[in-house]
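Structural characterization, general
Below are the chains, spelled out letter by letter.
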Amino acid sequence: MMETTENRKAILQIQRLSKHFEISKGFVKKQTQILKAVDEVDLVVYEGETLGIVGESGCGKSTLGNMIMHLTESTSGNILFEGADLTQLSREELRRKRKDIQMIFQDPFSSLNPRWKVFDIIAEPLRTHGLAEGKSLKEQVHTLLEAVGLSPDYANRFPHQFSGGQRQRVGIGRALALKPKLIVCDEPVSALDVSIQSQILNLLSILQKRYGLTYIFIAHGLPAVAYISDRIAVMYLGKVVEIGDKEDLLNHPAHPYTEGLLASAPVTDPQLRTKRKVLEGETPNPLNPPSGCAFHTRCPYVKDRCKIETPALQLAGSGRSVACHYPLEAGGGVLLHG
Ligand SMILES: Nc1ncnc2c1ncn2[C@@H]1O[C@H](COP(=O)(O)OP(=O)(O)OP(=O)(O)O)[C@@H](O)[C@H]1O
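A quick note: this is a predicted structure, and the numbers were derived from the prediction, not measured. Along each chain, residues carry numbers from 1 onward, in the same order as the chain's sequence is written. In keeping with the predicted nature of the model, local features appear solely for residues at pLDDT of at least 70, side-chain atom pairs appear and are counted solely at 80 or more, and the whole-chain, interface and lining totals rest on all residues.

1. Let's talk about the packing of helix H3 (residues 118-128) against helix H5 (residues 164-176)
Put simply, the rule is: To get an axis, fit a line to the C-alpha atoms, keeping to the stretch in contact for a helix; angles then go from 0 to 180 degrees between the N-to-C directions. Helix numbers and strand numbers start at the N terminus; a helix is a DSSP run of H or I with at least 4 residues, a strand a run of E with at least 2. Angle categories: roughly parallel below 35 degrees, roughly antiparallel above 145, roughly perpendicular from 65 to 115, and oblique for all the rest. Two helices that cross are described as forming a left-handed crossing if the nearer one is turned anticlockwise from the farther one by less than a right angle, and a right-handed crossing if clockwise. The contact criterion used here is simple: two residues whose C-beta atoms, placed from the backbone, lie within 7 Å are in contact.
With their axes 7 Å apart at the nearest point, H3 and H5 run at an angle of 25° to one another. One finds that H3 runs roughly parallel with respect to H5. The two elements H3 and H5 cross, and the hand of that crossing is right-handed. Contacts between H3 and H5 involve Val 118, Ile 121, Ile 122 and Pro 125 on the former and, on the latter, Val 170, Gly 173 and Arg 174.

2. Some thoughts on the sheet that holds strand E10 (residues 231-236)
Defined as follows: A pair of strands is treated as paired once DSSP finds two or more bridges between them.
Read across the open sheet, the 8 strands follow the order E7-E8-E9-E4-E10-E11-E13-E12; overall the sheet is mixed. Both outer strands of the open sheet, strand E7 (101-104) and strand E12 (314-315), are each paired with one neighbouring strand and no more. The strands touched by helix H9 (residues 256-263) are strand E4 (50-54), E10 and strand E11 (239-245); relative to E10, the strand with the most contacts, the crossing angle is about 105°.

3. Overview of the site of the ligand
The condition is simple: We call a residue near a molecule or strand if the C-beta atom, set from the backbone, is within 6 Å of it. Any residue outside Ala, Val, Leu, Ile, Met, Phe, Trp, Tyr, Cys, Pro, Asp, Glu, Lys and Arg is labelled polar, Gly included; the first ten of those are nonpolar and the last four are charged.
Within the structure, the ligand sits among 14 residues, and Phe 21, Ala 37, Ser 57, Ser 62 and Thr 63 are positioned closest to it. Secondary structure elements with two or more residues in the shell around the ligand: strand E2 (9-25), strand E3 (31-46) and helix H1 (61-68). Of the residues that constitute the shell around the ligand, the class distribution is 6 nonpolar, 7 polar and 1 charged.

4. Looking at the pairing of E7
Note the threshold: Each residue is classified by how many other C-beta atoms fall within 10 Å of its C-beta atom, where C-beta atoms are placed from the backbone; a count of 20 or more means buried, 12 or fewer means exposed, and values in between mean partly exposed.
Burial along E7 is two-sided: Ile 101 and Met 103 and Gln 102 and Ile 104, pointing in opposite directions, are all buried. For E7 and strand E8 (residues 182-186), the ladder comprises 4 bridges, and the chain directions are parallel. Across the sheet, Met 103 pairs through a bridge with Val 184, a residue of E8.

5. Section: the packing of H5 against helix H6 (residues 194-211)
It is the contact of H5 with H6, at a shortest axis distance of 10 Å, that shows an interaxial angle of 20°. Considering their axes alone, H5 and H6 lie roughly parallel with respect to each other. In this structure, the crossing between H5 and H6 has a hand that is right-handed. Along its contact with H5, which presents Gly 164, Gly 165, Gln 168, Arg 169, Ile 172 and Leu 176, the element H6 presents Ile 196, Gln 199, Ile 200, Leu 203 and Leu 207.

6. Focus: unusual backbone geometry
Apart from glycine, the bulk of residues carry a negative phi angle, and the bulk of peptide bonds sit in the trans form. Although it is not a glycine, Glu 82 sits at a positive phi angle of roughly 50°. Structurally, the position occupied by Glu 82 is in the loop between strand E5 (76-81) and strand E6 (84-85). In this model, Glu 187 sits at a positive phi of 50°, which is unusual for a non-glycine residue. Following the sequence through the fold, Glu 187 ends up in the loop between E8 and H6.

7. Thoughts on helix H4 (residues 134-147)
Note the following rule: A helix is expected to span 1.5 Å for every residue after the first. Here, the arc refers to the directions that run from the helix axis to the C-beta atoms.
Relative to the 20 Å expected for 14 residues at 1.5 Å per residue, H4 spans 20 Å between its end C-alpha atoms, a close match to the ideal helical length. Residues Val 141, Leu 144 and Leu 145 constitute the buried set of H4. One side of H4 holds all its buried residues, which, seen down the axis, span an arc of 100°. More than 90 degrees from the buried face of H4, the exposed residues found are Lys 135, Ser 136, Glu 139 and Glu 146.

Quick look at the structure:
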C-alpha cells in the first residue's frame, strides 16, 4: 500500500477517472451526443476511513461507484486498489482482487432471484469463489447473519418476508461474506425510515471497527453522509467540487454548492444554517453543461471569470480541496477574494 504525505495509507486512488456515455438522438438523422457522467475525477480513499460522496441526483455518484466495482467500464483514467490498477488487470487477476471490494445497494435484492432463500443469498459469493461448502458454509452463513444482527433461523426465509431494514442487513451480510477490505455503499439507507436508517448506519460503524473495513458511502442526502463519514467529497455534474474532513467541511463550506446543500440539510448549527445561501434552480442538462464553472448558472456569487474558466480542484487548507475561483470563507457566505 502507498504511504501518503499525511502518513495515512491510501487503499484506493482514483486518477483522472471519466465515464462518458454516448447518447443517440433523432430518428431520421442519427446524432450522437456525449454525456460526461464522471469527468476526470481524482480521489484518494484511506484505509479504515469512510469517504462520503454526496451530490444531487445525476451528478455521477453511482457511475463512480460502479466503475470502482467494475460494473461499468471506465472511458479513461485509473483506479488503483492497493497499488494495482484495476483498469489494467486481466480477468483472472481482477476476479481475485474483486473479492476485496464489495458493494451494498439501495435495494440489495433487485438483481437477485426472488425465489432464493436468505441462506442462498449470503452463501452465493462463498460458493462462487469455492470458499466453503456443506457444514462450513452453513456455519459461515450463520456467523454472518449474527454479525448483522439477524437470527440464524432467518436463513430459511425469503427476502419478501423481511422489513426494509432487515433486507438491508441481509445485503450487508452478503457483502461481508468474502471478507472484503473496501465496501462501496451506494445509497444503502435512502429507502429506509429515519429510525431504521440510524440502526443500519450504526451497524455499518460497528462492522467497520470489528473488521477494519474502509467505506465509500454514496448518498444524495447530507444527513446520512454527515453521520457516518470521516471525509466528504461533494460532486456536481460529474466532477468533485469540494473534498475535506467532515467537521471542517460541514462547518465551513468553501464551495458555494456545498453551502447550498448545507443550507437545506439539518446537519449543522441552525443559526449557521440560516446565514447560508440556499440552492436555487435546477441542475443543468448534463448533455449541455454550462461553460466555465458548471455551477455558475446557480451560483449566488458568480463573476464573469466563472462563466469562462473552469476552476481546477485545488488545495484550500489542511486536507481541503475546492474547485472554485472564489472559495467561501469560514462560516460560509463571505467571499475570500473580491
Ligand atoms: N447507462 C447510461 N447511459 C446513459 N446515461 C447514463 C447511464 N447511466 C447514467 N447515466 C447518466 O449519467 C449521469 C450520472 O448518473 P448517476 O446515476 O451516476 O448519478 P447519481 O448521482 O448516482 O444519481 P442518482 O442519485 O439519481 O442515482 C446522469 O445524467 C445519468 O442520466
